[in-house]
Amino acid sequence: QVQLVESGGGLVQAGGSLRLSCAASGSIFSINAMGWFRQAPGKEREFVAAISRVGGSTYYGDSVKGRFTISRDNAKSTVSLQMNRLKADDTAVYYCAASPLVIVPSAAPRYNYWGQGTQVTVSS
């Protein structure tokens, strides 16, 4: 119904920057919020950031607030995550997710659609 494809992952030095993008296709009328999650080896899936389709309200996990910025382009059905001052602890597979909820959720089960993930590796 909805397909999400992430891009932009890669290897970066600590303190550097990386920009991830997520393209949505299919029945995108059902999407009211889009977010980013990440999962590192041996750790739980973690909420990173989210944004509402209407109004563009943004939300961030405590560990990335002040360093990451989420943005959207509704005309292109894309969401981006600008990651600055990266740390080794940011190393993870990053997943784009979409939710029908108008009140932007931070819990993974509230997201109905998921991308395949893109690897971000930060070297120290």
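Everything discussed here concerns the structure shown above.
1. Comments concerning the pairing of strand β3 (residues 18-26)
Note: strand β1 (residues 2-7) against β3, six bridges, orientation antiparallel. For V2, the partnering residue across the bridge sits in β3 and is G26. As paired elements, β3 and strand β8 (residues 78-83) share six bridges and run antiparallel to each other. Across the sheet, residue C22 finds its bridge partner in β8, namely V79.

2. Things to note about the sheet that holds β3
In a beta sheet, neighbouring strands pair by backbone hydrogen bonds and run either parallel or antiparallel. If you trace the four strands from one edge of the open sheet to the other, you get β1-β3-β8-β7, paired in antiparallel fashion. In this open sheet, the two strands that pair with only one neighbour each are β1 and β7 (68-73). Across the sheet, the axes of successive neighbouring strands diverge by a mean angle of 15 degrees, strand direction being ignored.

3. Remarks on the pairing of β7
Where β7 lies against β8, six bridges are found, and the strand directions are antiparallel. Residue T69 lies in a different strand from β8, and its bridge partner there is Q82.

4. A closer look at the environment of I70
Within the element layout of this structure, I70 appears in strand β7. Note on I70: relative accessible area 4%, which makes it buried. Non-local contacts of I70, meaning those with residues more than four positions away in its chain, are made with M34, W36, A49, A50, I51, T58, Y60, V79, S80 and L81.

5. Some remarks on the state of the cysteines
A complete count under the given rule lists one disulfide for this structure. Between the sulfur atoms of C22 and its disulfide mate C96 the distance is 2.0 Å. Judged by the torsion about the S-S bond (-80 degrees), the C22/C96 disulfide is left-handed. Of the two residues, C22 sits in strand β3 while C96 sits in strand β9 (residues 92-99), which places them 74 residues apart along the sequence. Accessibility classification places C22 together with C96 in one group, the buried group.

6. Here we look at the packing of aromatic side chains
Counted under the stated rule, the structure contains four aromatic pairs. Ring plane angle 70 degrees and centroid distance 5.6 Å describe the contact between F37 and F47, whose orientation is recorded as edge-to-face. One end of the pair, F37, is in strand β4 (residues 33-39); the other, F47, is in strand β5 (residues 46-52), with ten residues separating them in the sequence. Residue classification places F37 among the buried positions, given a relative accessible area of 1%. Both rings, one in F37 and one in Y111, keep their centres 5.2 Å apart while their planes meet at 75 degrees; by these two values the pair is edge-to-face. You can see F37 sitting in strand β4 and its partner Y111 sitting in the loop between β9 and β10 (113-114), a full 74 residues away along the chain.

Thresholds applied
Residues numbered from 1 in each chain as written. Predicted model: local features only at pLDDT ≥ 70, side-chain atom pairs only at ≥ 80, totals over all residues. Heavy atoms only, no water. Pairing = 2+ DSSP bridges. Helix = DSSP H or I, 4+ residues; strand = E, 2+ residues; numbered from the N terminus. Axes fitted to C-alpha atoms, helices over the stretch in contact; angles between N-to-C directions. Buried < 20%, exposed > 50% of the residue type's maximum accessible area, 1.4 Å probe, protein only. Contact = heavy atoms within 4.5 Å. Disulfide = S-S within 2.5 Å. Phe/Tyr/Trp six-rings, centres within 6.5 Å; stacked < 30°, edge-to-face > 60°.

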